[in-house]
Amino acid sequence: MVVTTMLGKTLCIGVGSMGGALLRGALQHGVLKASDTHILVRREEQCKALTEELGVVGFTTLPDVNEYNTILLAVKPQVLPSVLETLKEVPYGTVMISVAAGITLDTLDAAIPQANWFRAMPNTPASIGAGMTALAGDDVHTDLGRDVQALFEAVGEVVVVSEADLDRLGALSGAGPGYMFVILDALADAGVRIGLPRHLAIKAAAQTMYGAGKMALESGNHPAVLRDQVTSPGGTTIAGIGAMEKGGLRSALQDGVVACLARSNELGK
């Protein structure tokens, strides 16, 4: 499916795992055209590999920013301030999209006030088209905002939210794959502990997590309702859940999300 947008000529600064996932999805779905898409990366070998793979123009030094309608900033929050310094002369109305955790719209606008700023918080399953992205910005409900939304819809689901909720979702879904991989690894270890081969334990745990998430999304039922459907009175599942609750599973997950948000807030200061 080809999507026509107003994003125009686009420069992507930073093409790591997240920037690369976004570019591949956007190019595949026609949200961006390869002929109108340029990338800026640090290493020559990476630049060459990406330009050959994606069919885009690549740079290792900043090109003339006056050429671009849209600039996607897919760099780490620690790197973003130095990148913003190099972009202070972008033309009025340039669409700029940041995926850096914790760096607020107020901070971005103060750095480059003539830009039209959006913040997005995607997660790494974007690389397989199953991402979850929170999107915020003053113009997020305009036609332009819907075009920016289409960029992230090319790699999964998008929710348009307030900036406060974007940061909260960053702590939940943005960092969430990390939590899920820890849980997956722990479940696989448990499978090995009770006698399963490692490869089978990993496959069973991963498919179970995938299936449970799919049920929650497609049924629309509260997780507690779905849990009750597999916990017979006096049965095996409730015994397992009881042991996990005794070990602090629920509170540990909650504390982890809260700690993640606190760190995000620190990065934004």
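Let me begin by describing the structure that accompanies this report. (Residues numbered from 1 in each chain as written. Predicted model: local features only at pLDDT ≥ 70, side-chain atom pairs only at ≥ 80, totals over all residues. Heavy atoms only, no water.)

Quick word on the overall build of the protein chain
Point 1. Per the secondary structure count, the protein chain includes 11 helices and eight strands.
Point 2. Counting only C-alpha atoms and orienting by the principal axes, one finds that the protein chain spans roughly 70 × 35 × 30 Å.
Point 3. Intrachain contacts of the protein chain at a sequence separation of at least 6 include 56% that bridge at least 24 residues.
Point 4. The positive charge centre, built from 20 side chains, and the negative charge centre, built from 27, are 9 Å apart in the protein chain. (Helix = DSSP H or I, 4+ residues; strand = E, 2+ residues; numbered from the N terminus. Contact = heavy atoms within 4.5 Å. Lys, Arg positive; Asp, Glu negative; His and termini not counted. Charge placed at Lys NZ, Arg CZ, Asp CG, Glu CD.)

Some words on the pairing of strand S2 (residues 37–40)
Point 1. A two-sided burial pattern is seen for S2, the buried positions comprising Thr37 and Ile39 on one face and His38 and Leu40 on the other.
Point 2. In this structure, strand S1 (residues 10–13) lies alongside S2, joined through four bridges in parallel fashion. By the bridge assignment, Leu11 is partnered in S2 with His38.
Point 3. Considered for its hand, the β-α-β crossover made up of S1, helix H1 (residues 17–28) and S2 is right-handed.
Point 4. Relative to strand S3 (residues 57–59), S2 runs parallel, the two being bridged by three bridges. Counterpart to Leu40 in the pairing with S3 is Phe59. (Buried < 20%, exposed > 50% of the residue type's maximum accessible area, 1.4 Å probe, protein only. Pairing = 2+ DSSP bridges. Right-handed = clockwise from strand over helix to strand, strands pointing away.)

Notes on the pattern of salt bridges
Point 1. By the definition in use, this model includes 13 salt bridges.
Point 2. Close ionic contact of Glu163 with Arg119 constitutes a salt bridge, the shortest N to O distance being 2.8 Å. Here Arg119 lies in strand S6 (residues 116–121) and Glu163 lies in helix H6 (residues 163–174), a separation of 44 residues in the sequence.
Point 3. We classify Arg119 as buried; its relative accessible area is 0%.
Point 4. Here Arg227 makes a salt bridge to Asp228, at a shortest N to O gap of 3.4 Å.
Point 5. Relative accessible area serves as the criterion here: at 47%, Asp228 is assigned to the partly exposed category.
Point 6. Among the charged side chains, a salt-bridge network with shared partners connects Arg119, Glu163 and Asp167. (Salt bridge = Lys/Arg side-chain N within 4 Å of Asp/Glu carboxyl O.)

Topic: the side chain of Thr231
Point 1. Along the chain, Thr231 turns up in the loop between helix H9 (223–228) and helix H10 (236–246).
Point 2. Here Arg227 takes part through its backbone oxygen, which lies 3.0 Å from a polar atom of the side chain of Thr231.
Point 3. In terms of polar contacts, Thr231 uses its side chain to reach the backbone carbonyl oxygen of Asp228, at 3.4 Å.
Point 4. Leave out the neighbours within four places in its chain, and Thr231 touches Thr237, Ile238 and Ile241. (Polar contact = N/O pair within 3.5 Å; in protein donor to acceptor, adjacent residues only side chain to side chain.)

A word on the packing of aromatic side chains
Point 1. Evaluated as defined, the whole model comprises zero aromatic pairs.
Point 2. It is Lys9 that lies over the ring of Tyr68; its NZ or CZ is 5.7 Å from the centre. (Phe/Tyr/Trp six-rings, centres within 6.5 Å; stacked < 30°, edge-to-face > 60°. Lys NZ or Arg CZ within 6 Å of the ring centre and 35° of its normal.)

Things to note about the layout of surface pockets
Point 1. Taken as a whole, the second largest pocket holds about 1,100 Å³ of empty space.
Point 2. Lining the second largest pocket are 42 residues, and of these Ala74, Val75, Lys76, Pro77 and Val99 lie nearest its centre.
Point 3. Elements with a minimum of two residues in the lining of the second largest pocket: H1, helix H3 (80–86), S6, H6 and helix H11 (249–267).
Point 4. When its residues are assigned to classes, the lining of the second largest pocket shows 20 nonpolar, 16 polar and six charged. (1 Å grid on protein atoms, 1.4 Å probe; cavity = no way out; pocket = protein on both sides within 12 Å on 5 of 7 lines; lining within 4 Å. Points joined across faces, edges and corners; volume = space filled by probe spheres on them. Nonpolar A, V, L, I, M, F, W, Y, C, P; charged D, E, K, R; others polar.)

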